[in-house]
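Architecture and fold: a report
Each chain, written out:
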Amino acid sequence: GAAAGRRAHGGERKMPGLSFIFVGKMRERHYAAAFEEYYKRLGAFGKPELREIAEERLPEQPSEKEIARALEREAAEIEKAVPKGAYVVALCVEGREMSSTELAGTLDAAMGAGASKLCFIIGGSFGLHESVKRSADLRLSMSQMTFPHHLARVMLAEQVYRAFTIMNGGRYHK
């Protein structure tokens, strides 16, 4: 009816399903607490889900071959965890850098184009397998600087929260 039509155009942008797929467990309490905070705030827009995939154990000085095999095994687990019909964002250094408003616009466009879920992937210490990056809809880079991947999770959650706040006309991004 008319009320439903009005709501669809004027109201808050409802979040499609939102999922984070991370390789490895977060051990540092300060990063975990910061991530938790933004994850909780994202709940205002819908229910996010978090999948942590075990990071393959590697020797102290792994060979290229050992790293490649580990990334391949992680990739197989990541692919199983990606929701069907999701718009996939893989974080990687060679990805595209964007401003917060550009990211908000990109996610908004993906949802407008019918993405049922937004899925963000961060690899472990050695990054992501090429196949994961290739199959992503967007390869995103936070910066050319190197960050601990657990800090990257905090930064990502904050930016996704900021993006939804921007899409909903919030003041947070100023």
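Please refer to the structure placed before this passage.
Calculation notes
- Residues numbered from 1 in each chain as written.
- Predicted model: local features only at pLDDT ≥ 70, side-chain atom pairs only at ≥ 80, totals over all residues.
- Heavy atoms only, no water.
- Core = buried A, V, L, I, M, F, W, Y, C linked by side-chain atoms within 4.5 Å.
- Buried < 20%, exposed > 50% of the residue type's maximum accessible area, 1.4 Å probe, protein only.
- Helix = DSSP H or I, 4+ residues; strand = E, 2+ residues; numbered from the N terminus.
- Contact = heavy atoms within 4.5 Å.
- Polar contact = N/O pair within 3.5 Å; in protein donor to acceptor, adjacent residues only side chain to side chain.
- Salt bridge = Lys/Arg side-chain N within 4 Å of Asp/Glu carboxyl O.
- Phe/Tyr/Trp six-rings, centres within 6.5 Å; stacked < 30°, edge-to-face > 60°.
- Pairing = 2+ DSSP bridges.
- Axes fitted to C-alpha atoms, helices over the stretch in contact; angles between N-to-C directions.

As for the nonpolar core
Counting 35 residues, the largest nonpolar core has Phe20, Leu107, Leu118 and Phe120 as the members making the most contacts within it. Counting only elements with at least two residues in this core, the list comes to β1 (17-23), α2 (29-42), β3 (86-97), α4 (100-112), β4 (117-122), β5 (138-141) and α6 (149-167). Setting aside anything within four residues of it in sequence, one finds Leu118 in contact with Pro16, Gly17, Leu18, Ser19, Tyr87, Leu107, Ala110, Met111 and Phe164. Ile78, Ala86, Cys119 and Leu128 belong to the second largest nonpolar core, which has 14 residues in total.

Considerations on the side chain of Ser141
By the element assignment, Ser141 lies in strand β5. Relative accessible area serves as the criterion here: at 5%, Ser141 is assigned to the buried category. A distance of 3.1 Å separates the side chain of Ser141 from the backbone oxygen of Ser143, its partner in a polar contact. If near-sequence neighbours (up to four positions away) are discounted, Ser141 is found in contact with Cys92, Val93, Gly95, Arg96 and Glu97.

Concerning the pattern of salt bridges
Pairs can form between side chains of opposite charge whenever their charged atoms are close. Evaluated as defined, the whole model comprises eleven salt bridges. The closest approach of N and O atoms between Glu49 and Lys117, which form a salt bridge, is 3.8 Å. Note that Glu49 is positioned in strand β2 (residues 48-53) and Lys117 in strand β4, a separation of 68 residues in sequence. We classify Lys117 as partly exposed; its relative accessible area is 22%.

Notes on the packing of aromatic side chains
Under the criterion given, the structure shown has nine aromatic pairs. Measuring from centroid to centroid gives 5.9 Å for Phe20 and Phe35, while their planes differ by 85°, and the two rings are edge-to-face. Placement of Phe20 in strand β1 and of Phe35 in helix α2 is noted, with a sequence separation of 15 residues between them. One aromatic cluster is present, built from ring pairs that chain together Phe20, Phe22, Phe35, Tyr39 and Phe120.

What to know about the sheet that holds β2
Taken in spatial order, the five strands make up an open sheet running β2-β1-β4-β3-β5, and their pairing is parallel. The open sheet has two free edges, formed respectively by β2 and β5, since each of these has just one partner strand. With strand direction ignored, the average angle separating the axes of adjacent strands in the sheet is 30°. Summarising the sheet, β3 and β4 pair through five bridges and their orientation is parallel. For Val88, the partnering residue across the bridge sits in β4 and is Cys119.

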